[in-house]
Structures are given as structure tokens and as C-alpha cells.
Amino acid sequence: MQAVPKFGVSSFSRIRNLQDAIRGTAVFVTQSRSYSDAGEVDLVVIGAGPGGYVASIKAAQLGLKTVNVEKWPTLGGTCLNVGCIPSKSLLNNSHFYHQANSADFKSRGINVTGLELDLPAMLKAKSTAVTQLTGGIAHLFKQNGVTRVEGHGTITGPNEVTVVKGDGSRELLKTKNILIATGSEVTPFPGGSIEIDEKTIVSSTGALSLEKVPEKMVVIGAGVIGLELGSVWSRLGSQVTAVEFLQHIGGIGIDMEVSKAFQRTLQKQGLKFKMQVKVTSAARQGEKVIVSTEQVKDASKKEDLECDVLLVCVGRRPYTESLGLEAVGIAKDDRGRVPVNSRFQTSVPNIYAIGDVIEGPMLAHKAEDEGILCVEGIKGGAVHIDYNCVPSVIYTHPEVAWIGKSEEMLKEEGVNYKIGKFPFAANSRAKCNQDTDGFVKMLADKDTDRILGAHIMGGGAGEMINEAALAMEYGASCEDVARVCHAHPTCSEAFREANLAAYAGKPINF
């Protein structure tokens, strides 16, 4: 797509004044440009994370003239650069090291001598995966005809986005539609009493690139991110203590029976937990960090924890900095999210929003689905997503995955339900793999047998949960799954057996 330079004084002044108001800084660059004299592209997507890049590609495939604006020099957003992808690389490789460094390999007849950790090489493997995947998105943009513009995108009108680039220059994009896919950012510690330096006090970003294994690590928050990164450094030799405000681990949505079993398993691996404990402050003392805590139910019971690295994992929040929402009259809700309707339209009908910046779980795959549906809707297609069928996964070992309702939710809603469970200890493939921790738990309507929720703790749970997602999308019953032939021996047979237990009252192999 060829850009046409424009130097109109009035248009520049308007953009400059608005940008100055938003950014609060003086700007001295006098060049701007806009796309095509005809005026417009069909869609400008702000953000190239999983939601934004997928939406951009789908839009181009549907024939929309599409521009993607991304402030980072690499595509993929938080997920590919400093989130899902690098953490999974470290989780996978640290698990191999843990197997070799514990009694696991020896029990399999594999004796290892002279084992040592090469942390720089492990971090390089992580970076290689990131580079390959982010580069892959750039290739997909070219392949599908998506125009990429690097810089910070600000909405400066219902049909225009101004991109401020790293060198201070500007690019004005005229568009029929705008899609906000700016994602989320790390939530600072409440009150601002803990300052992150990404060296000794780190966010999830800094925890992906520590230069050495800390002797002791304290993790604030035993949710998904805290458990995954805590597991990585625990496997590599750190003494990890997770401090959790709630009385359970795993975050929102996890079934309590699964959460309790999960915590016991992680404790056997060496992780320590302080439950219903609140962190009040943290201070550096020399090369150490002192973390001050108090019990949630009794603030008089205080304790100081000493560590070499403090990992702050208290959640994420929508990223809307200098996005220009106010300029077009889009108000955020009380949690900083952009309100949208069922077609992902904001209060301005041709401006849409998806992913972490709107209501719902902050999950990459949720954002991807929303991105596809949104642009299909722009083209006149139907828009429907069942958020009850969006799976969640914790990529520790064992993995934990769930979809639909937990038992606690069903009780609260007064639903008449039944349960089917099957342990991996009775599954032949899990026995062969010497990986028998965990179980499958199915929840179904007691009268109709329709699947209401699936909860899995075990090796490969993140893969297995997708069978549950497919079943639930089609409104399947436990009998439907129980009557599907599953390959033997596979761990997914445990999923079938749990459905059989829910449907018939008893499994076969337990």
C-alpha cells in the first residue's frame, strides 16, 4: 500500500493539538501523511497480539483493505514476546532438567552423571522460539496483504488513527473501521509500595530472563502466572514460596477439588504456600528483599520473608494508554475495560474492541476467537461466542485445565448435577509414562446428561481439554463422549471413562 505525503497545516495542527493534550508533551515534528487520496482503508487494527494479528489476517482474507498498527518492533504482543510462548519454553525445558536432576530418570533406568544447568542456553532456546514465531507473523502479514505500521496508535477521530513513531514522525490513517486490540499490561502492586526493577523485584516479564537461579524466591500470587513461573525456578533449584491472598491456588474458575489436589502435588515438588496471607510491603536490604506479610483473618499475625528475587503476580489490567478513547466519546467501565455489544462494537458503531481490553477472561485464544468473529461481523456475518466453552490451562506439571462450570458454580446456581471421575493412576498410558498424578472430573446435568463442565489435572491436560471444548460446543452429553471409541492406550481414555462414570454410574477400569 503506497502512502501519499500530506503537509496540510490545518490537519497537522488539529492532530498535533490533540496528541499534545493526550500525551502532555510538546511535539516539534511537522510531517504527517494519510493513506490514499480516495481517503480510506477498510480496517485499522491497533495492536498485534493474538487478537489483533489474527483479526488482521482474517480481515485481509475476507477482502478488507487492512492496516495493523503495533508499537513494539516485533509482532505477537505480550503473548509471543513476554508471555505465553517464552514461559512455555522455560516450563518445558525446566521439566526435562527436573526429571534428570531428581529420581525420575533413575526410576526409568536412565542414570545421569555430571549433570549441570546451562541457564544461558535455556534462555537462548526460549528466545529462539520467540524470534521464530514473531517472524512468522510478519511473514503471514505479507502473505495475506496486511499492511504493517510500527508506532503508537491513537484514535483521533471516528475514522482516523494517528500513529506516532519512534522517531517522532506521524502517520495519519483514514479508515472506515477501527478495531482496538491493545491487550493488557501487568497490574502494579496495590498502593505502589513495591517498585519493580526487573532485577530483584520482577514482574512476569523479568522472571523470564533472570541471569541466575535465585537461592530463594517469593511469589506474590498463586494464580496461573505465579504457579507457572514459580514452577520453572523451583525446578531449576530455587526455594520458592508463593503468598496467596485467597484460600485456594489456581485463580478464578478452578474447581476447588482440583485446586486442593493440585496444591498437594506442587508441595511434593518443593513449592511452599502461605495461604490467606497478604503482602503489605517489600524493601531491598543489600542484595536481599524483605517481604512483609500479615494474615488476612488476623492482621496482628505478621511475618517477614527474605528472598533473593520477589516475583509480583497480582494480575493484569487493560492497556488503553494514549489510545484516544476520550476524543471519540468512548467511556471505560470501572475496571478500565472498553464496553462493547454482542458484535464487539463500542459506543461508536464503527469502532470495535476485542481481547483483554474488554470484559471476559484474559486469554490469548479468547482474543483470537473474538478477532475472527468481529471481522466476520464487519463483513455482515453472524457473531456468536459461548464464553462458557472457552478453556483455561495452567501449564505446570501436572497440567491443570478446565472448561465450563465448576462444582462450586453449579451449587451456587442451584443446578441439579452429577459427577463422573477417573484417576490417571488407573489409566494404562499414564502408568506406562510413570505420570499418574491427577484425575478427570466431569460435571453434567443430572436430568439431561448434558456436559456442564470438565476439569482435568494430569500430564497433557491442556491438550485433552479441547475434546471437552468440542463436546460442549455441540451440546454433547456424557453418554455421547462415553460411546466414542478412543485409541488405546492413551491418556484421553481417562476422559472417556470419567464421562462413562457420569453417564452410567461406574467406569470400566476403576
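Preceding block: the structure.
First, a word on what this report is: a plain description of the structure on this page. (Residues numbered from 1 in each chain as written. Predicted model: local features only at pLDDT ≥ 70, side-chain atom pairs only at ≥ 80, totals over all residues. Heavy atoms only, no water.)

**Some details on the overall build of the protein**
Broken down by element type, the protein carries 15 helices and 24 strands. Taken over C-alpha atoms, the radius of gyration comes to 25 Å for the protein, in line with the 24 Å a tight globule of 510 residues would show. Across the 510 residues of the protein, 52% fall into the buried class. Residue pairs in contact within the protein that sit at least 24 positions apart in sequence constitute 63% of those at least 6 positions apart. Entry remark: accessible area of the protein is about 23,400 Å², with carbon and sulfur atoms responsible for 51%. Looking at charge distribution, the protein has the averaged site of its 54 positive side-chain charges lying 1 Å from that of its 57 negative ones. (Helix = DSSP H or I, 4+ residues; strand = E, 2+ residues; numbered from the N terminus. Rg over C-alpha atoms; globule rule 2.2 N^0.38 Å. Buried < 20%, exposed > 50% of the residue type's maximum accessible area, 1.4 Å probe, protein only. Contact = heavy atoms within 4.5 Å. Areas by Shrake-Rupley, 256 points an atom, 1.4 Å probe, with all protein chains shown as cover. Lys, Arg positive; Asp, Glu negative; His and termini not counted. Charge placed at Lys NZ, Arg CZ, Asp CG, Glu CD.)

**Here's the deal with the pattern of salt bridges**
Following the criterion strictly, the structure yields 21 salt bridges and no others. A salt bridge links E171 to K165; the nearest nitrogen and oxygen atoms lie 2.7 Å apart. K366 is the partner of E370 in a salt bridge, and the nearest nitrogen-oxygen pair spans 3.1 Å. Here K366 and E370 lie together in helix α10 (residues 364–378), a separation of four residues that amounts to about one turn. We note that E370, like K366, is buried. (Salt bridge = Lys/Arg side-chain N within 4 Å of Asp/Glu carboxyl O.)

**With respect to the sheet that holds strand β11 (residues 216–220)**
With respect to topology, five strands assemble into an open sheet ordered β10-β17-β11-β12-β13, the strand pairing being parallel. Two strands close off the open sheet at either side, each with one partner strand: β10 (201–202) and β13 (272–275). (Pairing = 2+ DSSP bridges.)

**Topic: the nonpolar core**
Counting residues in each nonpolar core, the largest one holds 38 residues, and the members touching the most others are V44, I155, L179, I180, F344 and I351. Counting only elements with at least two residues in this core, the list comes to β3 (41–46), α2 (50–61), β4 (66–70), β7 (160–164), β8 (170–180), β19 (351–353) and α10. Here this core takes five residues from β3, the largest share from any one element. Leaving out residues up to four positions away in the same chain, L179 has contacts with L43, V44, V45, I46, A55, Y352, A353, I354, C374 and V375. Judged by nonpolar contacts, the second largest core, of 36 residues, contains L210, V240, F262 and V309. (Core = buried A, V, L, I, M, F, W, Y, C linked by side-chain atoms within 4.5 Å.)

**Things to note about a nonpolar patch on the surface**
On the surface, a nonpolar cluster with roughly 210 Å² of combined accessible area is contributed by I110, V112 and L115. By the element assignment, V112 lies in the loop between α5 (103–107) and α6 (119–144). You can call V112 partly exposed: its relative accessible area is 40%. (Patch = residues over 30% accessible without salt bridge, like charges linked within 9 Å, V, L, I, M, F, W, Y side chains within 5 Å.)

**Things to note about the pairing of strand β12 (residues 239–244)**
Within a regular beta strand, the side chains point alternately toward one face of the sheet and then the other, so they alternate between its two faces. Buried residues dominate β12, accounting for five of its six residues. Since β11 and β12 lie parallel, the crossover through helix α8 (residues 224–235) that links them has a hand, and here it is right-handed. In the sheet, β12 pairs with β13 via four bridges, with the strands oriented parallel. Directly across from A242, in β13, lies its bridge partner F273. In the classification by handedness, the crossover that spans β12, the intervening helix α9 (residues 256–268) and the parallel β13 is right-handed. (Right-handed = clockwise from strand over helix to strand, strands pointing away.)

**Some remarks on the packing of α2 against α10**
Remark: α2 packs on α10, axes separated minimally by 8 Å, with the N-to-C direction vectors making an angle of 30°. By the criterion of interaxial angle, the relationship of α2 to α10 is roughly parallel. Read as a crossing pair, α2 and α10 show a hand that is right-handed. Here α2 contributes P50, G51, Y53, V54, A55, K58 and A59 to the contact with α10, which in turn contributes A364, A367, E368, G371, I372, V375 and E376. Per-class residue counts for the contact of α2 with α10 are nine nonpolar, two polar and three charged. (Axes fitted to C-alpha atoms, helices over the stretch in contact; angles between N-to-C directions. Parallel < 35°, antiparallel > 145°, perpendicular 65-115°, else oblique. Left-handed = near helix turned anticlockwise from the far one by under 90°. Nonpolar A, V, L, I, M, F, W, Y, C, P; charged D, E, K, R; others polar.)

**Describing α9**
For α9, built from 13 residues, the straight-helix expectation of 18 Å at 1.5 Å per residue is met to within 8% by its first-to-last C-alpha distance of 19 Å. Buried residues of α9: V258, S259, A261, F262, Q263, T265 and L266, and no others. On the buried face of α9, the contacting elements are α8, β13, β20 (392–394), β21 (399–404), β23 (439–445) and β24 (451–458). If you check the start of α9, you find a side-chain oxygen 3.1 Å away from the backbone N of E257, and it comes from D255. (Expected span 1.5 Å × (residues − 1). Polar contact = N/O pair within 3.5 Å; in protein donor to acceptor, adjacent residues only side chain to side chain.)

**A word on the packing of helix α4 (residues 84–101) against α6**
Following both chains from N to C, one finds α4 and α6 inclined at 140°, their axes separated by 9 Å at the closest point. Taken together, the axes of α4 and α6 lie oblique to each other. Like other packed secondary-structure pairs, α4 and α6 cross with a definite hand, here right-handed. Note on element contacts: α6 touches α4 through M122, L123, A125, K126, V130 and L133, opposite I85, P86, S89, L90, N93 and S94. Among the residues making up the contact of α4 with α6, the classes are represented as eight nonpolar, three polar and one charged.

**Description of the packing of aromatic side chains**
Two aromatic rings, taken as a pair, are described by how far apart their centres are and by the angle between their planes. Going through the model one piece at a time under the given rule, you end up with one aromatic pair. With a centroid separation of 6.2 Å and 75° between ring planes, the pair formed by F422 and F510 is classed as edge-to-face. Linking F422 in strand β22 (residues 417–423) with F510 in the segment after α15 (492–504), this pair joins segments that are 88 residues apart in sequence. Residue F422 is classed as buried on the basis of its relative accessible area, which comes to 2%. (Phe/Tyr/Trp six-rings, centres within 6.5 Å; stacked < 30°, edge-to-face > 60°.)

**Quick look at the environment of K216**
Following the sequence through the fold, K216 ends up in strand β11. Accessibility expressed as a relative area gives 33% for K216, which makes it partly exposed. Each C-alpha atom, one on K216 and one on M122, is 20 Å from the other, the two residues being 94 residues apart in sequence. Setting aside anything within four residues of it in sequence, one finds K216 in contact with S238, Q239, E306, C307, D308 and V309.

**Side note on the environment of L310**
Assignment of secondary structure puts L310 in strand β17 (residues 309–312). Counting along the chain gives 225 residues from L310 to I85, while the straight-line C-alpha distance between them is 22 Å. Contact partners of L310, with chain neighbours within four places excluded, come to I194, T200, I201, V202, V218, I220, A282, V289 and V291.

**Some thoughts on the sheet that holds β21**
Here five strands make up an open sheet; going across it, the order is β20-β21-β24-β23-β22 and the pairing antiparallel. Where the open sheet ends on each side, the last strands, each with one partner, are β20 and β22. Here the strands of the sheet are splayed against their neighbours by 10° on average, with no regard to which way each runs. In terms of strand pairing, β22 meets β23 through seven bridges, oriented antiparallel. Among the inter-strand pairings, Y417 is bridged to a residue of β23, identified as D445. The strands touched by α9 within the sheet are β20, β21, β22, β23 and β24, with β24 carrying the most contacts at an inclination of about 5°. Along the sheet, α15 makes contact with β22, β23 and β24, crossing β22 at roughly 145°.

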